[in-house]
Structure formats: C-alpha cells, structure tokens
Amino acid sequence: MHRFKVSKFRHMEARLPRREAWINDIRAGTTPSCGNHIKSSCSLIAFNSDRPGVLGIMPLDGQGEDKRHVTHLGCHSDVVTDLDFSPFDDFLLATGSADRTVKLWRLPAPGQALPTVPGLVLGPETLQVEVLQFHPTADGILASAAGVAVKVWDVARQQPLTELAAHGDLVQSTVWSQDGALLATACKDKQLRVFDPRAQAEASQSTQAHENCRTSRLVWTGTQEHLMSTGANQMREREVKLWDTRHLSSALASLTLDTSPGSLMPLLDPDSGLLILAGKGDSQLFCYEVATLQPELSPVNQCILESTLRGAALVPRRALAVLNCEVLRVLQLSDTAIMPISYRVPRKAVEFHEDLFPDTTGCVPASEPRAWWAGSNQQVQRVSLNPARRPHTSFTSPLLPPMELPPIPAQLVEMLVEDTDPSEGFSSPPSSLASPSTPSSLGPSRSSTSGIGTSPSQRSLQSLLGPSSKFRHAQGTVLHRDSHITNLKGLNLTTPGESDGFCANRLRVAVPLLSSGGQVAVLELRKPGRLPDTTLPTLQNGAAVTDLAWDPFDPHRLAVAGEDARIRLWRVPPEGLEEVLTTPEATLTGHREKIYSLCFHPLAADVLASSSYDLTICIWDLQAGAERLRLQGHREQIFGLAWSPDGQQLATVCKDGRVRVYDPRSGPKPLQEGPGPEGSRGARIVWVCDGHCLLVSGFDSRSERQLLLYAPEALAGGPLAVLGLDVAPSTLLPSYDPDTGLVLLTGKGDTRVFLYELLPEAPFFLECNSFTSPDPHKGFVLLPKTECDVREVEFARCLRLRQTSLEPVAFRLPRVRKEFFQDDVFPDTAVSWEPVLSAEAWLGGANGQPQLLCLQPPGMTPVSQAPREAPARRAPSSALYLEEKSDQQKKEELLNAMVAKLGNREDPLPQDSFEGVDEDEWD
C-alpha cells in the first residue's frame, strides 16, 4: 500500500490554442475594479470592452465567423465593474457599475439583436457597485457589494432581503458557499468575515486574512467548511490561504508566490478541487490541487501565456469536452483577443472517464427566494456529465421571461417570397420585423401599417409580427472626404445642454469657439477642404455663447444668445465672413438672466422665441427689435421649446418635470400642462406627426434615456407611449423630418444615431437601422430637404461635428429600381425658406399654411407609375437538392466529372504543338 495517494491530475497539461482558435479583433477594457472583467455561461461569453458602460457579447461555442462575431451591449452610463451569469439560466446576466446601479439583462440567442433596456434595475446605491454574485441554489437571489454595504436582493421584488453590516472599509469580494447557506466577504480593512444572512446581519466569524490591504479575493471549495483567499503579506508578496470556518483563527495552509503588482483572481472548480491563479497583468497561470482532508495546496503545472492577462474566467463544467478529457477551460482576456486555454488529462481511450468527471450541479434551481429566506436548504440536483446519460434539460428564469415571436407558417413565408415586388426595395427577414425595444403604450391599441402597396402575404405577416417601417433598412453613410471641412481648431465643446452646439443652413455653418469674447466662426458649406492654420474671421459677441440659430427665411442672418442675457443679430456677407465683425446688426435686451435657447417661428418672418434663466419665454419682433409677448408659468429651468408646425402654439419641457403647451397670442399662461420625464438631467421637445403629437426625449428616475409621445390636447393624461433606449449621460437631441415621419436621435459625445418612424397610434415607434460612427461626435444637425440627392433615394442629410472636422452624413434607402422617382419616400415638401406671414400679421392673429414643392427631378417617372416587372424565375425547390441520390447516380456523376476534367483522349498533348530546332542550331 502506498503511503501517499497519487493525484490523477499529475499529468494534466494546459494546451494553448492556435491563433485560428483565438477570438480576435476585440477591444477589451482595463478599468481597475474588483471584478474579473470576463464571465462565461454554457452558451455565452461577456467581457468588458474599452468603451465605458459597454460589454462585448459572443457565443461560447460558435463556429466560423459566428464565433468571432462580437455584439456590444450598452449597459450603464459609467464603467461596468462586475458581471455574473445566472448558474441556471445561460442567458440571464447581471451587471454592476460605477453609476451605482445593478441591472439584469435577458440576452437573446446568438444572431439576434441585443436588448436596449434592462429587464430589471436594482438601486441606486450610495457608492459604485463593486461585486456581484448569484445565489448557487435559489433562482432570484443576488448578492451585491457597494462601498461598505453588502446587500442580499430578492430580484423579483427589487428589494433587499438584508444588508450585512460591520465592514470597516471597501468590500472587495463577496462569495456564496456551495450550499448557499453562508456568505463570505473580504474587505480592504484586511478582515475576512463569514455571514449567515438569514440568521443575522452581523458577521458570525471574522479574522485577519492578509497583512496587506491590496485587493483580496475569496472562493469556496466544494464543502461548506473550507474557503480560499488571495491577497498580499506585509512584504507585498502575493499569497494564497486555505481556511476552515470552524477554526477561523488561523489558516490551514498558505502559499507565497511572488511580488507582482497585479491582484490574484482565484478560479476554483469545486468538483475536481483544481485551483487556477490568474494575476491581472501577468503572463502565466498557476494551477494547484486543493486538498481539504490533509490540508495542502499541491502544484500541478504552470502555463506561460502568449499575451498579458487582463481578465480570466472558468467555463462551466457542463460545457466542457468530456470525451477529450477536458477537466478545465480558462478564458484568458487580453487587450485584443480572448484565448480559450484547455486543461486535459491524457488518457489512451477516447471514452467517458468517471474518475475525472463526477456528477456536477445541474441547471434547475432547488428553491425560490421566499423558500430559501424561510430556511430551506434544499440543494441543486446533480447531473451526470456522461454524454450517454446526460439530461438535456434547460431552465429559463421567470425573472425575465424571453420575448418570443409567434411561429410563422411555412406557407405564409413561401407566399411572401412569391409576392415580393422588386420595386418595393429590399425586404426584411421575418425575425427583424419586430423592434427589440417595445414601447409601453398607454393609449388604445389599434392596428397600423407603414408603407404603401403591401401584398396580402405581407399584411398577413404584419398581423403576426406587427407593423414595420419601410425605412427599417435605412443606411447612414459619411460622404467622401472631399466634402469635409477639416482642420477645425479651438471649438467650444462645453456649450449648455439646451444648445445643439452648432447650427447650419443650406449655405453655412456657425460654430462657437473656445476663445474668450464669445467668438463664433462661420464656415461656408460650398467651400469644403482644409481650413488654414491661421486664425479664422469670427463674430465677436463680447460674452460666452449659450445658443445660436440661423434665420430660416434669411440665410445671411444669425441670432446668437449670450450669458449677458442679450441676443445679437448678425448679418453675414453673401460672399462669406472674410473679416472679424464686432458690431451686430441689432441687439435684443429684455431678459434678466442668461438665455437658454433660441427658436425661430416656422412660418412668420422676424419672429423669434427665447428662453432664459429668469424662467420666462420672450417672443420678439425682429423687424421692430422689441419684445412683444412674454410667457410665464415655469418653476424650474426650461430645457427646451418648440413651435408647432402651423406656428400657432409653443411647447416647452421643464426641469420641474412638466410639459406645457402655450398659445402665445391668447395669454401668458399655458393652455395644457402634464407630467414630463422623471429625470432632471435634461430634456428636449419637438412636434411630430403633422402637429398631432409631441415627442419628448429625457431621462427616467434611473437616468435611462427615454422617449415620451404625447397628445398636445391631453397632456394632463400623461404620455401615449414611453420607449426606453439606453443609458448614457448626454441628452438625446431629436431632429424630425416631417416628410418621412422619421426622427433622428443622438447626444453630444455619442457614437450612435437612433432612427425611429413615429406614428400617432399604436405601436407609435417603429425602429429603423441606426447609424454608428467609430468616434464620438460633438453635434449632429439636420439640413434642409433640398440638400438631399433624390436620385440616390437620400431622404435625409445631416452634418456631424467632430473634434477637428465637419462631415456630411447621408441617409439613404436601398431600392432596386432607382431609375424611378420614389414618390412614396419623397412627398411634396414644405417651402420652409419662404415666409408665409409677416411678424405684424402673425401677432395680429393671422395664420397661414406653407407652400409645397415637388422634389421629382426632371425626366424621372414616379415609381408608382412604373410598369410592373415580370416576376423573376423562382429558384429550384430545396427538395431538388435534398433528394437522396442512389449509389449508382453518385458513381455516374463522379465518373462524368473525372472525364470532363481529363478531356478527350484523342486531343493532342500540349507538347505536340511545340516547335523544335534544326540540328545545326545545336552547334
């Protein structure tokens, strides 16, 4: 008999993957936190990207291009500090952030669109969230640590069951025991504490774990009595200790490694007892076998990495290749790639080895939160890893049920293919017809369709999946560099949130500069290219610029608002600004505080509205240079104002959480008033749907950006629909195109522009393709409709302001028959550059309607009058390819292919055509 037991893992080897197996082209984040930066379920991988608040999501075992396809989930308005997958539901993800909230996400299967809003939000906490971990036996229990507070949450109720006290400093690690009865914490005060959360909020045991206050981590072994801790000693050497909770005064075993600065992340497999020690910033992995009966840490092997480690995670045991004797798989996160490192025990027989793979915990929870809190200690049923006996069960948490589309009958899909008209452009696959962000509607639910000329099969499909926008395939493209204005210097990027940051008309762009004196540069759109290095001629305002706007009826007049409560009207020469101007054409005084924003009347010439910190709105007659009307009733800062399309009413959104509608000519008080966005960070308002609705972009109480749609005549009843978008610090700036019903939404510092088609009835919001840029923009404005290239089906053109350049962005709709004028996309547009009324007439009570202009170019036929093309020949049925061939047919096809490749035997050989040389030429 041997005195010492020989480890079955003594020959285990770590196999580094080939570069083809790497998941490349990622950009991982390196924000310091107590998390591991990467986690894995049996189906998905989630990791911190280099963009704050954004996670990368990809399938765990995808093949080919799918494996390398990374989608990005915008989670929080600040960096993600920790994340964790549910041990039961592969697609349920919890994230914690420096924005002090915890969010739960229902992730879709690979290939489907990621959600834009979380399923549940916990918090906010007083400090940033540091650590998260799901309960190992009960579904819906989550532990989180923020500052010195540790909370145990009942996720379904969004309420904490208890808050664990007695921490003297930042909590760095929080882990559940394998049976879910105890919770251990490691703290910056060097103490290791063990709690029984259901018994009391105070620690049942505590001891000094490590002598140094560097980041300490904890992990439980397969028993309730033992746990591991990593940290540093007084000499700043990294060390690992094994503890027995029954005798917590001293460690059972300890191990000292080195003096590297990175904190050690312990990754322990409780079934095998194998411990992986991964240090942030290290280039190697240490593997040990943990023995608790005779307490010791036995070294197994050491793996040298090809790149620096930024994070690490263990793949769940149920996802391992057991027939290949893979006992562990570690996902190494580097700056630009994820490397799966496989730990295998070499065996001769390719079969399932019971000694290497004991039964492991299954995916069905043992209890629900109330039962566990009441004292239930029922354990998760263990399942076999033997492929021949493994149960193929899956669990979907009822916390966030998945949104499933109704099945589409095969006959209906076939009809759709047959009835597709090439003149209607590209069609969307059925799975993409439904928007991933479903608005919560408070109004009546009525059917609505978008587009014209839909076939019966498409109408049937819409009845199943809901209406879709004909602009859903819209494509945003930055135009050629020849149309850019580059070498912009000294831009003022700190304009107030109520301002768009810059303004443009069809001729010019006005951009505030950072230099003193409230300088504004005026750039000519007809003269693109690189600006000179010398100082640009500017408009000198004498006070910091708060907002600016071009007169829609006079392309040479610019209104500039300043912090000195004055509005200056400048006249730019027709040939452009060639010298510094210091004297404005006129100056308007009347506000007592600095001005928020400016808005010209859409129909009447020389009428301007301005909002100020004195909580009033002034209506100015620019022809007379005097204030004519003053609107009151606001109790807080006015975030935004907008004229109705007919110019009769003015709407505002305010920091006091109210939306108001005024009839300026009837009185200074609002006609209608109702609840607005709950958040107070900022908001914008715009009239949509031909003046039948109001769209407000703002924030909810959890600082998530949202859209609210109102009926102006019934503001008191609240919004008709609310749509949550994402989490970001900047206010969404809406640009509405009344011809298409599309609204473009983006914020200062964003990289994404959302597109939605708006309807006055349910479903209200139809999502379209968004435009994404590689770097953030400082501003985004919509140009007049006449600037669009109608022949290329360009329905909108915008200007994107970057740090040092100005770029035009064209939004186009893919259409097959572009030789025809797409009259369903381009209805007659309003002549917005010619006034309908004078200021005197409007102030006297007159109203008017703008003239309309047809955008059809000469020589183009409307697509509605185009001859209908004959349907293309259908492709052969799939049954033709799927039909099973006999062995004789296969043999004949093979022989025919070989003969065709060899050619005819009677054909001359290539060398027969070569010409020789005469005998005398050899000499």
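Please read all numbers here as calculations on a predicted model, not as lab measurements.

Asker: Any chance you could break down the sheet that holds strand β2 (residues 38-40) for me, citing the residues and the numbers?
Answerer: If you walk across this open sheet you meet the four strands as β2-β3-β4-β5, and the pairing is antiparallel. Single-partner strands in this sheet number two, and they are β2 and β5 (71-74). Ignoring strand direction, the axes of neighbouring strands in this sheet form an average angle of 25 degrees. Sheet analysis places strand β3 (residues 44-48) next to strand β4 (residues 54-59), joined by five bridges and oriented antiparallel. Bridge pairing in β4 places Ile-45 opposite Met-58.

Asker: Can you lay out the sheet that holds strand β14 (residues 171-176) for me, pointing to particular residues and giving the numbers?
Answerer: With antiparallel pairing, the four strands of this open sheet are ordered in space as β14-β15-β16-β17. In this open sheet, the two strands that pair with only one neighbour each are β14 and β17 (205-208). Strand-to-strand twist across the sheet, computed as the mean angle between neighbouring axes with direction ignored, equals 15 degrees. Pairing geometry for strand β16 (residues 191-195) and β17, over four bridges, is antiparallel. Residue Leu-192 lies in a different strand from β17, and its bridge partner there is Thr-207.

Asker: Provide a residue-level description of the nonpolar core, including the pertinent values.
Answerer: With 26 residues, the main nonpolar core has Met-12, Leu-274, Ile-276, Leu-285, Val-327 and Tyr-343 as its most contacted residues. Among the secondary structure elements, those contributing two or more residues to this core are β22 (264-269), β23 (274-279), β24 (284-291), β25 (296-304), β27 (326-333) and β28 (338-344). When sequence neighbours within four positions are dropped, the list of residues in contact with Ile-276 reads Met-265, Pro-266, Leu-267, Leu-285, Phe-286, Cys-287, Leu-328, Val-330 and Tyr-343. One finds Leu-755, Val-809, Phe-826 and Met-860 within the second-largest nonpolar core, a separate group that totals 22 residues.

Asker: Please set out the pairing of β22 residue by residue, giving values where relevant.
Answerer: Summarising burial for β22: six of the six residues are buried, a large majority. By the alternation rule, side chains of β22 split into Leu-264, Pro-266 and Leu-268 and Met-265, Leu-267 and Asp-269, which are all buried. The antiparallel pairing of β22 with β23 creates a hairpin that spans four residues between the two strands, and Gly-273 there sits at a positive phi of about 80 degrees.

Asker: Kindly report on empty space enclosed by the protein, identifying the contributing residues and their values.
Answerer: Inspection of the entire model under this criterion finds three cavities of 30 Å³ or more. The volume enclosed by the largest cavity comes to roughly 60 Å³. Those elements that place two or more of their residues in the lining of the largest cavity are β15 (183-187) and β19 (226-232).

Asker: I'd like to hear about unusual backbone geometry, residue by residue, with values.
Answerer: The omega angle of the peptide bond from Gly-123 to Pro-124 is 5 degrees, so this bond is cis rather than trans. On the secondary structure map, Pro-124 appears in the loop between β9 (120-122) and β10 (129-134). The linkage connecting Ala-762 with the following residue, Pro-763, adopts the cis geometry, with an omega of 10 degrees. Counting through the fold element by element, Pro-763 comes out in the loop between β57 (752-758) and β58 (765-767). With a phi close to 70 degrees, His-37 is a non-glycine residue in the positive phi region. Within the secondary structure layout, His-37 lies in the loop between β1 (13-15) and β2. Residue classification places His-37 among the buried residues on the basis of a relative accessible area of 5%. One non-glycine residue, Arg-100, lies in the positive phi region at around 75 degrees. Inspection of the secondary structure assignment puts Arg-100 in the loop between β7 (92-97) and β8 (102-106).

How each quantity is defined
- Residues numbered from 1 in each chain as written.
- Predicted model: local features only at pLDDT ≥ 70, side-chain atom pairs only at ≥ 80, totals over all residues.
- Heavy atoms only, no water.
- Pairing = 2+ DSSP bridges.
- Helix = DSSP H or I, 4+ residues; strand = E, 2+ residues; numbered from the N terminus.
- Axes fitted to C-alpha atoms, helices over the stretch in contact; angles between N-to-C directions.
- Core = buried A, V, L, I, M, F, W, Y, C linked by side-chain atoms within 4.5 Å.
- Buried < 20%, exposed > 50% of the residue type's maximum accessible area, 1.4 Å probe, protein only.
- Contact = heavy atoms within 4.5 Å.
- 1 Å grid on protein atoms, 1.4 Å probe; cavity = no way out; pocket = protein on both sides within 12 Å on 5 of 7 lines; lining within 4 Å.
- Points joined across faces, edges and corners; volume = space filled by probe spheres on them.

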